[in-house]
Each structure stands twice: as structure tokens, then as C-alpha cells.
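Remarks on the overall topology
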Amino acid sequence: MAENHRAEAVEGLSFFAPKHAQSPGTPASPDDKVPTLFAPLTIRGSTLKNRIVVAPMCQYSCAEAGPSVGALTPYHVATLGHYALKGAALVFIEASGVQPNGRISPHCPGIWSDSQIPGISNVAEICHSQGALVGLQLAHAGRKGSTAAQYVCASHRKPSLRASKEAGGWPENVVGPSGGDEHSWDGKRDDDPEGGFYAPRALSESEIQDLVKDWAQAAKRAVRAGVDVIEIHGAHGYLIHQFLSPVTNRRTDKYGGSFENRTRILIEVIKAVRAAIPDETPLFLRLSATEWLEDTDLAKQYGSWDLESTIQLAKIVADLGIDLLDVSSGGNHPQQQANLFSNLKSGSLDYQTKLAAQIRRELRAANKNMLIGAVGLITEADQARDLLEPASVTISEEAAAAKQITDTTEGKEPSADLILVARQFMREPEWVLKVAWKLGVDIAWPSQFLRVRFPKL
């Protein structure tokens, strides 16, 4: 009788995919002692096979008009699916507008329409076929909307360019908590040819209520599309961050002024989204822990959103169904006094991760168990490993920069519960496999790549 050498397929897919003997990115043996970085993590009804997450990254690769406006394409399947193939535990789809004017650029994705569900489902299917979870970041750009794709800006040697109606933009419908020329992101009037952003108009209270409902409807669509994890984008100077900060929120109604009022829209969005999705669906929140304005004249005049504000808010949202706080920083004003690229050049790898460590410590002291994600300039294997280990572990001389990060935990606690990595995946889609190899961790590779597996060190 002839032996059956037929390849086993992943069941339930619309295409053939060979079933891996073991999910890429998991330890080769469950009995192996591995760093926390490669240990599973269960959040509500989902289990991450390791602690490495692909952070949302804008790609500016969607149609700006027509029946497929804002819809994901085979480009997104190819890029995001490849990160899943190479062992990432959770792959996030980039910031997706909950309203058409919530996109950053005309070429950004959206999730305001059922017509955008199939593209998301295609990405979810390829990620699931490789044993990875898929997440989606719900967003509204606010006053940073209707700008040109970054590769267009780069071709003109400009950091930002306005996207006119002719370019698919919405100049008349750029919105924010406050309106007028003085509230454009770069402070330039609409009639200034050097301006890279449009001046926003202030949202009315009824528009804010509609926006909250649209956030919830977008979350429902994401779940219908097969998304496992939802993230609310409240960072980087986009709409929610604009409401949180007294620098950009000058309202005098119930959505402006006090800390309670400035955080009101986010609290309403969280409650609406949590109520709209299944109990077993994890809900993340990304915040800028500080907007790096503390020592500026702006902060002296208006105050600013800082680490203390984030810690205060974190203790509140931990009780509202947020499972993980994704700790980033900056992006709300051009006068910010920290720059990612200058930190990278100087080798300051703790650009944001020390903020995550301090927030995590404060939450634990307050008996809040919300998880913490660290993001920002995480590029090296030792650095990634040590962020998730107690500071008392032995840290190599090569990871001196990472030691500064873990020192903030007073020798007892990790800096974070998982890491989110963005640009490094664009440089090295196989980063998970490479990190494991450098750390001497034997993990499973995708079946199709076994012939090129890194040799054991």
C-alpha cells in the first residue's frame, strides 16, 4: 500500500496554505525554558503565542476615491501577512478612520463602511492561517487629517503637505476640539503656501456624539471582519489626543477645560466600543504618555498632557475594560522637545520605554492589573528580552542601554508585558526569527522557510 505524503492544509481557508507542524514564533519544545519574550500571553479570549506585536504602521496604499475608497488591498495582505508568516504573535492593521474625514491622508484605510470589511477579512485570513492574531487600530486624525501621503511629501522635500480636494482631500471638513487658523497643527494659516496642514473647525457637541457612535460601529465591523484585537488610537496628536491636551483643547463646554472634561470623549468612546464588541475581544488603548511640552511657554500658559496626566487616566480606563495600555509619546505640537530620530542617532534606546515602566509600576501600586505595552526604538534582541524581565536579571554589557530602562523598575518588575515593534519589521520582516536566534531560543519556523533556517549559535 502506497504511503500518503500529501501535505496537510489549514482548514477553513479560501485558499490553500500548508499547515505548519508548529506555529512560527513558538518555542520548539514546550518544556524549554525561554525568556518571557517568547512565552504566551492570554488576554481575555485571545492568546498571543509570544510577546512580539507588529505595531500599526501607515502605508498610504488605499484608493482615495471610487468604490474601493479606504479599502485594504493585496498590498496589505502581502506585507502584514508576511509579518505573521515570520512569527509575530499579533499583527496590527494601521490607523483606520472611523469617519471619512478621520483619515490622515486620502490614501489611508477606513472602517466607516461595510464595503471596507472584505479587505480587512483578507488580511485577517492570511494572518490566522499562519497562527497569528490580527488587530485593528480605530482612529480619527482630527486636525492632522487631509494631508498628502508621506512618500508624496518626501518627493517634495516637505515634512507635510495639504491634500486638496483635487488630491482627494477634505479641506472644509478638517475638525478638532477647537477651530481657527491658530489651531492648525503647524500654526500656519490656510492662505500660507508654506503650510502643511489645514486649519480645523471645532466639532459641535452633537457631532461628538455622532463620532462616539461611529467609533462603536467601526468596532463592530472590525469584529465582523475577523479582527481579534481592537485598539483605540488616543496618541500622536490625533483627535482624541487633541481633546486630552489643554494646548489644543480650548473648549468651554463639557468637553473642555478640566481634566474630567478633556478626557470625556475618550471615556465615552471606550464605553461605547467595549459595549459594541464581544466580552472575549481584547481592547487596547494607545496614548502619548507625554507630549514633551512640559518646559515650553505653551505649557506655562495652558498646561500640557504629561506623564502625571497619563497615569491619572490609566487608573481610570483600567476599570473601563481596557486590557492593555500601548505607551507612546509626542505628536501633538511642533514645539515638542523630544525627537525620535535624534534619539535614534544618539543611541538613546529608552526614548519611551522608561515611560511605560513608570506607568506600569504606578498601576501595580494602585492594584490595577491593566497590561502595558512598550514601543519605540526597540531594535535589538537583548533590549527586547530585558524589557519583559524583572530588572534583577543579568544584563549583558552589550545591553547597557536596556539596563537604563529596567533600572526604573526598582529591581522587581518588568518594564512592560509585551513589546510593539514597527519600523524594524519594515527593515527585517524576519525580526522575530532573528531575535530568537540571537538569544539562543529554538523556535519554530514557517514550513516553507525551513531550508534557510538560521544555524544554531
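Per an unreviewed UniProt entry, the protein goes by FMN-linked oxidoreductase and derives from Dissoconium aciculare CBS 342.82.

Moving on to the overall build of the protein. For the protein, the helix and strand inventory stands at 15 helices and 12 strands. On C-alpha atoms alone, the protein measures out to a radius of gyration of 22 Å, which is about the 23 Å that the 2.2 N^0.38 rule sets for 457 residues. Overall, the C-alpha framework of the protein stretches about 75 × 55 × 45 Å when taken along its three principal axes. Sequence separation of at least 24 residues holds for 73% of the intrachain contacts in the protein that already meet a minimum separation of 6. For the protein, the accessible surface area stands at approximately 19100 Å², while carbon and sulfur atoms represent 50% of it. For the protein, the centre of its 47 positive side-chain charges and the centre of its 53 negative side-chain charges are spaced 1 Å apart.

Backbone geometry at Arg44 places phi at a positive 50°, although glycine is not the residue there. Relative to the elements of secondary structure, Arg44 occurs in the loop between strand 1 (41–43) and strand 2 (46–48). Overall, the relative accessible area of 37% leaves Arg44 in the partly exposed class.

Once that is clear, we can look at the packing of aromatic side chains. Taken as a whole and judged by the stated rule, the model has nine aromatic pairs. When the centroid spacing of 5.9 Å and the interplanar angle of 5° are considered together, the rings of Phe259 and Trp305 count as stacked. Linking Phe259 in helix 6 (residues 259–262) with Trp305 in the loop between helix 8 (297–302) and helix 9 (307–317), this pair joins segments that are 46 residues apart in sequence. A relative accessible area of 1% places Trp305 in the buried class. The cationic tip of Lys144 hangs over the ring face of Tyr238; the distance from NZ or CZ to the ring centre is 4.8 Å. In this arrangement the basic side chain of Arg250 is found over the ring face of Tyr302, its NZ or CZ atom lying 3.7 Å from the centre.

With that out of the way, let us pick up the packing of helix 7 (residues 264–276) against helix 9. Helix 9 packs onto helix 7 with a crossing angle of 30° between their chain directions and a minimal axis gap of 12 Å. Judged on the interaxial angle alone, helix 9 and helix 7 are roughly parallel. As for the relative orientation of helix 7 and helix 9, their crossing is right-handed in sense. Across the interface between the two elements, Leu266, Ile267 and Ile270 from helix 7 touch Leu313, Ile316 and Val317 from helix 9. Considering only residue class, the contact of helix 7 with helix 9 consists of six nonpolar, no polar and no charged.

Read around the barrel, eight strands follow the order 3-4-5-8-9-10-11-12 and close on themselves; strand pairing throughout is parallel. On average, each strand axis in the sheet is tilted by 25° relative to the strand beside it, whichever way the strands run. Bridge count between strand 10 (residues 324–328) and strand 11 (residues 371–375): four bridges; the pairing is parallel. Residue pairing in the sheet places Leu324 in a bridge with Leu371 of strand 11. Helix 1 (residues 74–85) rests against strand 3 (52–54) and strand 4 (90–97) of the sheet, and its axis sits at about 150° to strand 4.

What follows is about helix 2 (residues 117–129). Each α-helix turn comprises 3.6 residues. Residues three or four places apart therefore point the same way. Look at helix 2: 18 Å from first C-alpha to last across 13 residues, which is about the 18 Å you get at 1.5 Å a residue. Within helix 2 the residues assigned to the buried category are Ile117, Gly119, Ile120, Val123, Ala124, Glu125, Ile126, Cys127 and Ser129. Turning to helix 2, the residues buried within the fold contact helix 1, strand 4, strand 5 (133–139) and helix 4 (205–224). Directly after helix 2, the chain includes Gly131, whose backbone phi takes a positive value near 80°.

Along the chain, Ala416 falls in the loop between helix 13 (400–406) and strand 12 (418–421). For Ala416, a relative accessible area of 1% translates into the label buried. Sequence separation between Ala416 and Leu325 is 91 residues, and the spatial gap between their C-alpha atoms is 9.9 Å.

Scanning the entire structure with this criterion turns up 19 salt bridges. Here Asp382 makes a salt bridge to Arg385, at a shortest N to O gap of 3.7 Å. Of this pair, Asp382 and Arg385 both sit in helix 12 (residues 381–387), three residues apart, roughly one helical turn. The network of salt bridges with common partners includes Arg360, Arg364, Glu413 and Asp417.

Let's shift gears to the pairing of strand 11. Across a regular strand the side chains alternate sides, sitting on one face of the sheet and then on the other. Here strand 11 lies mainly inside the structure; five of its five residues are buried. Residues Leu371, Gly373 and Val375 line one face of strand 11 and the alternating positions Ile372 and Ala374 line the opposite face, and both faces are buried. Relative to strand 12, strand 11 runs parallel, the two being bridged by three bridges. Note that in strand 12 the partner of Ala374 across the bridge is Ile419.

Take Gln335: it is sitting in the loop between strand 10 and helix 10 (340–346). Sequence separation of Gln335 and Gly131 is 204 residues, and the distance between their C-alpha atoms is 43 Å.

Here is what the cut-offs are and how they apply
- Numbering of residues starts from 1 in each chain and follows the order in which that chain's sequence is written.
- In view of the model being predicted, local features appear only for residues whose pLDDT reaches at least 70, and side-chain atom pairs are presented and counted only at 80 or more, with totals across whole chains, interfaces and linings using the full set of residues.
- Excluded from the side-chain calculation are hydrogens and water; included are all heavy atoms of the structure.
- Runs of H or I in DSSP of at least four residues are treated as helices and runs of E of at least two as strands, each being numbered from the N terminus.
- With C-alpha atoms as the basis for the radius of gyration, the globule rule is written as 2.2 Å multiplied by the number of residues raised to the power 0.38.
- Contacts are assigned to residue pairs with any non-hydrogen atoms lying within 4.5 Å of each other.
- Note on areas: these come from Shrake-Rupley sampling with a 1.4 Å probe, and a residue is covered only by the protein chains present in the view.
- We treat Lys and Arg as the positive residues and Asp and Glu as the negative residues; His and chain ends play no part in the count.
- For charged residues, the charge sits on one atom: NZ in Lys, CZ in Arg, CG in Asp, CD in Glu.
- Partly exposed residues are those whose accessible area sits between 20% and 50% of the maximum for their type, while under 20% is buried and over 50% is exposed, using a 1.4 Å probe and protein chains only.
- Stacked, tilted and edge-to-face are the three classes applied to pairs of Phe, Tyr and Trp rings, where Trp contributes its six-membered ring and a pair requires centres within 6.5 Å; stacked means planes under 30 degrees apart, edge-to-face means over 60, and tilted covers the rest.
- Criterion for a charge above a ring: Arg CZ or Lys NZ at most 6 Å from the ring centre, at most 35 degrees from the ring normal.
- In this analysis an axis means a line fitted to C-alpha atoms, helices contributing only their contacting stretch, and an angle means the value between N-to-C directions, from 0 to 180 degrees.
- Angular relationships are summarised with four words: roughly parallel below 35 degrees, roughly antiparallel beyond 145, roughly perpendicular across 65 to 115, and oblique for the angles in between.
- For a crossing to be left-handed, the near helix must be turned anticlockwise from the far one by less than a right angle; the clockwise case is right-handed.
- Amino acid classes used here: Ala, Val, Leu, Ile, Met, Phe, Trp, Tyr, Cys and Pro are nonpolar; Asp, Glu, Lys and Arg are charged; the rest, including Gly, are polar.
- For two strands to count as paired, DSSP must find a minimum of two bridges between them.
- Take the number of residues in a helix, subtract one, and multiply by 1.5 Å to get its expected span.
- We define a salt bridge as a contact between a side-chain nitrogen of Lys or Arg and a carboxyl oxygen of Asp or Glu at a distance within 4 Å.

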